[in-house]
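These are the residues of each chain, in order.
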Amino acid sequence: MADHAARVSIPPRAPPNPKYVHPVTSPGLFDRDAAEAPAASASAPKGKAKKAAVVEAEPAAKAPKTAGPRRGANAEQLAERQREISVAEFFTKNRHLLGFDSPLKALLTAIKEAVDNSLDACEEAGILPEVAVEIHATENENRFRIAIEDNGPGIVKDQVGKVFGKLLYGSKFHKLSQTRGQQGIGIAAAGMYGQLTTGKPMLIRSRPGRGKAREFVLSIDTAKNRPEIHREEEVEWSHGSGTRVELELEAKYQKGLRSVDMYLKQTAIANPHLTLHYTDPGAEKVTYERVTKELPPETIEIKPHPHGVELGMLINMLKSTESRTLSGFLQEEFSRVGPKVAKDIIAAAGKGLSEKSYPTRIAREEASALHEAIQKTRISAPSTDCIAPIGEALVLAGLKKEIEADFYASITRPPAVYRGNPFQVEVGIAYGKPGGVGLELTEEGRIKKTKAQIATEDLVAGADEPVRVLRFANRVPLLHQQSACSITKAITQTNWKSYGLQHPRGALPIGPMALLVHIASVWVPFTSESKEAIAAYPEILKEVKLGLQECGRKLGTYIRKGKKLQTEFNKRSFIEKYIPHIGIALQEILDLDNTERDTTVTTLEDVLHRSRKV
């Protein structure tokens, strides 16, 4: 074995690769040709060196071409690639953030944004809104042309291009009062999507007040986020004041829980002052009439509440204020801050701050102390004049107008605050078996069956299905991302078993019910730019749960009463079977004629119903 082991030889180590260049120690790290040239000339004759150089050059010539600087670019080359990104260009590549992630959803989002703008404009002008929505099929089955027309105040000539052709342009972003729109993106994004999928511009017709109507054909320059007006002219329009928007887009139309039809039906529920005309792709027309001629209460813009301001925002406000004293800054820039509250905040802050400190000269450490003092100081909740809830009576009217059910209930919670922003929660319930028959107690004490109710399609679930949830934010229906919304979380966390409904753990309750929840706020905390779900702030969850519980107690009382009525109805029906036989027996015993027998039977039935209390 020793001889055998001796015969096993270890192969010699391979010579180093002459082409290898150490990434750290070798000179010419970023110049491979310069680094390899000396090695080639030192290890081969001149003729062979030229041949080797040719061989080494071939792989580089066959390498695929790449756009822009290749790996190993220096800082100057990288800097040349940096450029500003237009807002419109960003959302063109990320249109799913705005709700245009599928043709089916794109149709709904485009119509929703236009209707929201029309309702806001009418209410701000004090006009009872009347809106017409049209969806027309085109020769291409994947494209539809939509038109939304209102009777609002119209748009002045100079603003048409900016409103419809520029993203992040609007009057509501810095305004702390309840509005449907917030970001200044919606209708311009709808036009951008139509332009992207069909290549066709928007057509806008508007008449401001008693002026002449003008028609615009415009598109969006996405690279610069600005409008391009292709045509502008005066036109004859007998409509009166208002605006009409038309655009063609790639879309898909179908009915269902998340369709345009359902959105418009729910919009009519949450806006009982609205008259809405709708024409679907099949040319079928539906009109939702208003049930009240009173506009929602006018909202008043408020200033930020101190408890909702973060440190960075406070520093920016200190730098940009025109106030000359710190006390004046606190009173002029915030709501609910008077001289006494301002004095308490400054005293609690310390750091050498006084009521006469100049705001623009306050350093970051002093601003941080001021911010901490604000959070520790008791300050009254912000005014609620900035929000306009639907109201209990109108919630009931809206539900009764569009949903046929056996029982209705509604509640409007007192105003509350999250992050300094006031908000108010409203809850409504429509309960009843679709197409079923219920029981009711008459004034005479009799129990009778109610007429069969024909439930509105898809708005009231079946008795063995999860309840239908109608979510609203500032009177706007939210149809998508239901599971990600704080409203749904609050519903699933409420104990519905105590109110007579089946409730699987972690799921929606089961029963023939439509459950409406509306949140009105100066700034609704949506989870994304598409405005489809509300963030689960603890304050919002708490208020929604309290509203659900208050309505749930009313529902529980009704369900328990219904069960008692059903039990009593069954007992009375059983007794009533024997009353005619009792009448016959009394006729034989007392020798009564038929008329006296029938009178006795009627008397016994009356005694039965009057003597048994429910």
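Quick notes on the rules
Residue numbers restart at each chain and count upward from 1, following the sequence in its written direction. Only residues with pLDDT of at least 70 get local features here, since the model is predicted, and only at 80 or more are side-chain atom pairs given and counted; chain-wide, interface and lining totals rely on the full set of residues. Based on all heavy atoms of the structure, the side-chain values leave hydrogens and waters out of the count. Numbering goes from the N terminus for both helices and strands, where a helix is a DSSP run of H or I of at least four residues and a strand is a run of E of at least two. In this scheme, a residue with accessible area under 20% of its type's maximum is buried, one over 50% is exposed, and one in between is partly exposed, where area comes from a 1.4 Å probe on protein chains only. Pairs of residues are marked as contacts when any of their non-hydrogen atoms sit within 4.5 Å. Note on areas: these come from Shrake-Rupley sampling with a 1.4 Å probe, and a residue is covered only by the protein chains present in the view. Think of a salt bridge as a Lys or Arg side-chain nitrogen and an Asp or Glu carboxyl oxygen that are within 4 Å of each other. Think of each axis as a best-fit line through the C-alpha atoms, taken over the contacting stretch in the case of a helix, with angles from 0 to 180 degrees between the N-to-C directions. Residues are sorted three ways: Asp, Glu, Lys and Arg are charged, Ala, Val, Leu, Ile, Met, Phe, Trp, Tyr, Cys and Pro are nonpolar, and all the rest, Gly among them, are polar. Here, a strand pair is defined by DSSP locating no fewer than two bridges between the strands. Pairing of aromatic rings covers Phe, Tyr and the six-membered ring of Trp, with a centre-to-centre limit of 6.5 Å; geometry is then stacked below 30 degrees between planes, edge-to-face above 60, and tilted otherwise. Put simply, a charge is over a ring when the Lys NZ or the Arg CZ is close to the ring centre, within 6 Å, and near the line of the ring normal, within 35 degrees.

So, the overall build of the protein
Counting secondary structure elements, the protein contains 18 helices and 16 strands. Put simply, the protein has 614 residues, and 44% of those count as buried. For the protein, restricting intrachain contacts to residue pairs at least 6 apart in sequence, the fraction spanning at least 24 positions comes to 69%. With the model as given, the accessible surface of the protein reaches about 33,600 Å², and the carbon-plus-sulfur share is 52%.

A look at the pattern of salt bridges
For the coordinates displayed, the defined rule picks out 28 salt bridges. Put simply, Glu-248 and Arg-143 hold a salt bridge, and the shortest N to O gap is 4.0 Å. Of this pair, Glu-248 sits in strand β6 (residues 242-250) while Arg-143 sits in strand β2 (residues 143-149), and the two are 105 residues apart along the sequence. What makes Glu-248 buried here is its relative accessible area of 8%. Exposure remark for Arg-143: the relative accessible area of 23% places this residue in the partly exposed category. Residues joined in a network through salt bridges with shared partners are Glu-134, Arg-143, Arg-145, Glu-149, Lys-200, Arg-244, Glu-246 and Glu-248.

A closer look at the packing of helix α9 (residues 260-270) against helix α14 (residues 392-402)
Between α9 and α14, the shortest axis-to-axis distance is 7 Å and the interhelical angle comes to 140°. From α9, Lys-265, Ala-268 and Ile-269 reach across to α14, where they touch Gly-398, Leu-399, Lys-401 and Glu-402. Classifying every residue of the contact of α9 with α14 by side-chain character gives 3 nonpolar, 1 polar and 3 charged.

Observations concerning the pairing of strand β11 (residues 421-431)
Burial of β11 is extensive: 11 of the 11 residues sit out of reach of the surface. The pairing of strand β9 (residues 407-412) with β11 spans 6 bridges and is classified as antiparallel. Paired with Ile-411 across the bridge in β11 is Val-427. Both strand β10 (residues 416-418) and β11 contribute to a ladder of 3 bridges, which runs antiparallel. Bridged to Val-417 within β11 is Pro-422. Turn length for the β10-β11 hairpin, with the two strands adjacent in sequence and antiparallel, is 2 residues, and the turn residue Arg-419 shows positive phi of about 50°.

Describing the sheet that holds strand β3 (residues 202-207)
The mixed open sheet is built from 8 strands, whose spatial order is β5-β4-β3-β6-β2-β1-β7-β8. Looking at strand neighbours, the two that pair on one side only are β5 (226-234) and β8 (285-288), the edges of this open sheet. Strand-to-strand, the axes of this sheet are offset by a mean angle of 15°, without reference to chain direction. Looking at chain direction, β3 and strand β4 (residues 214-221) are connected through 5 bridges and run antiparallel. Bridging across to β4, Ser-206 finds its partner in Arg-214. The strands touched by α9 within the sheet are β1 (130-137), β7 (275-279) and β8, with β7 carrying the most contacts at an inclination of about 170°.

Examining the packing of aromatic side chains
Under the criterion given, the structure shown has 7 aromatic pairs. Here Phe-329 and Phe-334 contribute two aromatic rings whose centre-to-centre distance is 5.7 Å and whose plane-to-plane angle is 85°, an arrangement assigned as edge-to-face. Accessibility assignment for this pair places Phe-329 and Phe-334 in one class, buried. Seen in terms of ring centroids, Trp-496 and Tyr-499 are 5.8 Å apart; in terms of plane orientation they differ by 75°. Their pairing is edge-to-face. In this structure Trp-496 comes out as buried when scored by relative accessible area, which is 0%. The class for Tyr-499 is buried, based on a relative accessible area of 12%. Taken together, Phe-407, Tyr-431 and Tyr-558 form an aromatic cluster joined through their ring pairs. Geometry around Tyr-358 places Arg-361 over its ring, the cationic atom sitting 5.1 Å from the centre.

Notes on unusual backbone geometry
Phi angles above zero are rare outside glycine, and Asn-225 is one such case at about 50°. By the element assignment, Asn-225 lies in the loop between β4 and β5. Relative accessible area serves as the criterion here: at 9%, Asn-225 is assigned to the buried category. Positive phi outside glycine occurs at Asp-591, with the angle close to 55°. In this structure, Asp-591 sits in the loop between α17 (579-590) and α18 (594-611).

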